[in-house]
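Notes for the structure review
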Amino acid sequence: MNAHRSAINWLASWWRLLQFAALLLTRAMAPSSYRRDNRRVLSEQIVIATSNNLVWFSVLCALISLVIIRIVVVTSNSYGLSRFALEMVVRVLVLELLPLTAALFVALRTTLPAGVEFAQQRLAGTAPDPRAALRTQFYPRAAAGVFAVWLLAAVSCAITLVLAYLVMYGFTPWALPGYTRVVGQIFNPAVSLILVLKVVFFSLAVAVIPLASSYYSGAASPLRRRTGAAHGLADMVRMFSVILLVEAASLMGNYY
């Protein structure tokens, strides 16, 4: 009986997640979401989500990328495989690690705290009506989370490509044709499409999942009426599971 009830609650939580995603999609397509007052709230949330994360994330990615690139270059030279160093750096960092890191960074810094904040307001009885809050609070936070993941992933990938060239070839323009040829061979149409889809699904998981449970927290079972820390932990587990599924699907698409 307990297993049956747990399965029903698990399915109901995912169904509410899909409903919330549909509500956000409807709100994104509604012209009223982009009126003057709503545009101001939306732009403020986008600026907050990106400005608080962009500088620190760029510096962190640059430092980590430099270390990893240097390790790959030295190791490849020691084994006589230097011609594969650039391809390894691009595939490991740009295609796999950086989009995943961007999504997790935005989740931990922006969307998960926002979900916990909304859930605490609902449990305390101080939250506004959910229908009104969807337009004024939930949709701006979700759109800001999606945009932040896109921007951080694009900036970090560009920085890493520049650093890879500088570390491997130095400050010379003569290696640029060979560099662009190798990078272009890696980013064929199939790989580029998989990368774009992965970033899109990462951003949707990061933006939607932490906010969905707090939007429906009033309708959840008593077991869901828990502290903010436990609420954020449950959202984190659900979000990580979706991100791992997306990452596994991208790996299968790239290498199988």
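Residues numbered from 1 in each chain as written. Predicted model: local features only at pLDDT ≥ 70, side-chain atom pairs only at ≥ 80, totals over all residues. Heavy atoms only, no water.

The name given to the protein chain in an unreviewed UniProt entry is ABC transporter permease, with Pseudoduganella guangdongensis as the source organism.

**Considering the overall build of the protein chain**
Spelled out, the test is: Helix and strand definitions follow DSSP, with helices as H or I runs of at least four residues and strands as E runs of at least two, each counted in order from the N terminus. Relative accessibility decides the category of a residue: with a 1.4 Å probe and only protein chains considered, values under 20% of the type maximum give buried, values over 50% give exposed, and everything between is partly exposed. Accessible surface is estimated by sampling points in the Shrake-Rupley manner with a 1.4 Å probe; for residues, cover comes only from the protein chains shown.
Of regular secondary structure, the protein chain possesses seven helices and zero strands. Order of helices (α) and strands (β) in the protein chain, N terminus to C terminus: α-α-α-α-α-α-α. Looking at the 256 residues of the protein chain, the share that counts as buried comes to 41%. Of the roughly 14,000 Å² of accessible surface on the protein chain, 71% is carried by carbon and sulfur atoms.

**Thoughts on helix 5 (residues 176-186)**
Which entries qualify depends on this criterion: Comment: arc refers to directions from the helix axis out to C-beta atoms.
Within the sequence span of helix 5, burial applies to Tyr179, Val183 and Ile186. The buried residues of helix 5 occupy an angular sector of 50° when the element is viewed end-on, so they sit on one face. Opposite its buried face, helix 5 presents the exposed residues Arg181 and Gln185, each directed more than 90 degrees away.

**Quick look at the pattern of salt bridges**
Here is the rule we go by: Salt bridge, as applied in this entry: a Lys or Arg side-chain nitrogen positioned within 4 Å of an Asp or Glu carboxyl oxygen.
For the structure shown, the criterion picks out four salt bridges. A salt bridge links Arg40 to Glu44, with the shortest nitrogen-to-oxygen separation between them at 3.1 Å. Here Arg40 pairs with Glu44, and both are found in helix 2 (residues 36-78), just four residues apart, close to one helical turn. In this structure, Lys198 and Glu247 form a salt bridge, with 3.7 Å as the shortest nitrogen-oxygen distance. Within this pair, whereas Lys198 is found in helix 6 (residues 189-215), its partner Glu247 is found in helix 7 (residues 228-255), the two being separated by 49 residues in sequence. Each member of the pair, Lys198 as well as Glu247, is classed as buried. Linked by salt bridges that have partners in common, Glu96, Lys198 and Glu247 make up one network.

**Focus on a nonpolar patch on the surface**
Formally: Each patch is built from residues lacking any salt bridge and having more than 30% relative accessible area; the joining distance is 9 Å for like charges and 5 Å for nonpolar side chains (Val, Leu, Ile, Met, Phe, Trp, Tyr).
A cluster of nonpolar residues, Leu193, Leu197, Phe201 and Leu204, forms a patch on the protein surface that exposes about 380 Å² of accessible area. With respect to the helices and strands, the residue Leu204 is situated in helix 6. On the basis of relative accessibility, which here comes to 40%, the residue Leu204 falls in the partly exposed class.

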